[in-house]
Structures are given as structure tokens and as C-alpha cells.
Amino acid sequence: MGRIIEKIALERNHNIVARLEKGWSPENLKNADVAIEFTQPDSAFSNIHKALKYGIPVVSGTTGWYDRISDLEEVSKTAGLVYASNFSLGVNILFEINKISAQLLADHEDYNVNIHETHHTEKKDIPSGTAITLAESIIERNKLSGWTLTEEVGKLPIKSYRKIDIPGNHTITYQSGVDEISISHTAFNREGFAVGALIASEKIIGKIGIHKFNSLLF
């Protein structure tokens, strides 16, 4: 992702002032207008906290650390954070369609819903953050107590698969005894994620607080 983001950033006439691995330091961050954070769940929070503390806005595409996001509220009062489980424009449109379909089908208990997601074998978190975001919108609007990777009564099943060279596929399926409704998004490459991250970078400069990407995008 870093290489793809750099390529597209240069095409959009931005300058790259640092290329960082997991552990960031204040020295790394000087001269930056914004930091784009696509690392790993075990380093994301620390990286983001350091950047915000020094007044540098952050765009984070790392998932698996959101249980600590409230701990950034104070430090984000001087620089903004925008985060998303997926920065693809297409996926964020999928999020909005998913909310509408969940609302429309909320009172139709004859439809059972499930989510399937497939990613490349290097992806560490299972299920994907995108699948969890989709699931949470459905759970909010239906009589479900949560999501599950197995089979649990009253929970939304998520099936996760890891295969070589799959950027990301997500499908929400509603099935009844008479028909099936499916909503899908298939990424052909990772450039869509990079473009979205750069759009977020351009929009977060000058803002404070914590923002979901779709709140800036739409």
C-alpha cells in the first residue's frame, strides 16, 4: 500500500517527506502536513498518537485497533484523524447501500443474512475490518446480537477466506425460501484504496477531531 500511495500521491502533485515502517518517531514526522498510516494493528495506535500529539493530521487505514479509538479524543483536539476499514470509494458506496438494504429488510424475518469476504493471504485480521463495518450496520437495524465466524443462533455469520493475490471481495446475501438478494464489491487492485486515502488526506488538513471517512466523503 505504501508504494501505491506514494505513486498516486506524486501523480496528484504531492511531496513525500518520509517513508516509515511500524515504529514512528517525532523526528520522522517533521515537515509533514499529514501522515498516512497503513501498518499493523499492534503499531497503529502508537503511530497515530505520536503524530496527533505533534499536531500532524493522520489518515489511518489499519484495522484491528478500534477498541482504543476513544483514547485519542484528547490528542485529536489539535489535529484531525480520519479512519476507515476501507478507503475505496466503491466500498464506501457499498457501506451506504448496505445501510439502506438492512433498513428495508429489517422487518422481514423470512430473510436470513450472511457476509462473505475474501482477501490476500498477507491480511492478518479475520474477518476484515470492512466485513465488520458491514456487519455492524446490519446488526444495528436487525434483531441480531452480534456477528460470528461460526454458527451461533441470533448472530450474523461472516465467512472469511484468504487466497493469493485477492485485493478484497465482499458480498452481503439475504436469502429466503423464495429468492436471494446479493450486494457485492470486488476490488481489481489496491489503487482504489490509495486514491481514497489521498482524498482523505486532502480533506483532513485544517480539521480537528476524529472522523470516519464516509463523513468527509459524502
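Residues numbered from 1 in each chain as written. Predicted model: local features only at pLDDT ≥ 70, side-chain atom pairs only at ≥ 80, totals over all residues. Heavy atoms only, no water.

Q: Please provide a residue-by-residue account of helix H1 (residues 2–11), values included.
A: All buried positions along H1 are accounted for by Ile5, Ile8 and Ala9. Around the axis of H1, the buried residues are gathered within 105° of arc, so they sit on the same side. For H1, exposure combined with an orientation more than 90 degrees from the buried face picks out Arg3 and Glu11. Packed against the buried residues of H1 are strand S1 (35–37) and helix H6 (191–204). Phi for Asn13, located one or two positions after H1, is positive at around 70°. (Buried < 20%, exposed > 50% of the residue type's maximum accessible area, 1.4 Å probe, protein only. Helix = DSSP H or I, 4+ residues; strand = E, 2+ residues; numbered from the N terminus. Arc of directions from axis to C-beta. Contact = heavy atoms within 4.5 Å.)

Q: Quick one: what's the story with the sheet that holds S1, residue by residue and with numbers?
A: Pairing is parallel in the open sheet, where four strands are placed in the order S1-S2-S3-S9. Strands with a single pairing partner mark the edges of an open sheet, and in this sheet they are S1 and strand S9 (209–212). Within this sheet the neighbouring strands show an average axis-to-axis angle of 20°, counted without direction. Relative to S9, strand S3 (residues 80–83) runs parallel, the two being bridged by four bridges. When the bridges of S9 are listed, Tyr83 appears paired with Lys212. (Pairing = 2+ DSSP bridges. Axes fitted to C-alpha atoms, helices over the stretch in contact; angles between N-to-C directions.)

Q: Hey, could you go over the layout of surface pockets for me, with residue numbers and the actual values?
A: Put simply, the second largest pocket is a space of about 500 Å³. Contributing to the lining of the second largest pocket are 25 residues, with Tyr66, Ser85, Thr133, Glu136 and Lys212 lying nearest its centre. Breaking the lining of the second largest pocket down by element, the ones donating at least two residues are helix H4 (89–104), helix H5 (129–141) and helix H7 (213–217). When residues of the lining of the second largest pocket are assigned to their parent elements, the largest contribution, seven residues, is made by H5. Split by residue class, the lining of the second largest pocket holds 10 nonpolar, nine polar and six charged. (1 Å grid on protein atoms, 1.4 Å probe; cavity = no way out; pocket = protein on both sides within 12 Å on 5 of 7 lines; lining within 4 Å. Points joined across faces, edges and corners; volume = space filled by probe spheres on them. Nonpolar A, V, L, I, M, F, W, Y, C, P; charged D, E, K, R; others polar.)

Q: Now, about the packing of H4 against H5: what can you tell me, with residues and values included?
A: Direction vectors running N to C along H4 and H5 enclose 20°, while the axes themselves pass 8 Å from each other. With respect to each other, H4 and H5 are oriented roughly parallel. Every pair of crossing elements has a handedness; the one defined by H4 and H5 is right-handed. Of the residues in H5, those in contact with Val91, Leu94, Phe95, Asn98, Lys99, Ala102 and Gln103 of H4 are Thr130, Thr133, Leu134, Ser137, Ile138 and Arg141. Looking at the contact of H4 with H5, its residues break down into six nonpolar, five polar and two charged. (Parallel < 35°, antiparallel > 145°, perpendicular 65-115°, else oblique. Left-handed = near helix turned anticlockwise from the far one by under 90°.)

Q: Provide a residue-level description of unusual backbone geometry, including the pertinent values.
A: The omega angle of the peptide bond from Ile126 to Pro127 is -5°, so this bond is cis rather than trans. Mapping Pro127 onto the fold places it in the loop between strand S4 (112–119) and H5. Look at Asn13: it is not a glycine, yet its phi comes out positive at around 70°. Counting through the fold element by element, Asn13 comes out in the loop between H1 and helix H2 (26–29). On the basis of relative accessibility, which here comes to 71%, the residue Asn13 falls in the exposed class. Phi angles above zero are rare outside glycine, and Asn31 is one such case at about 75°. By the element assignment, Asn31 lies in the loop between H2 and S1.

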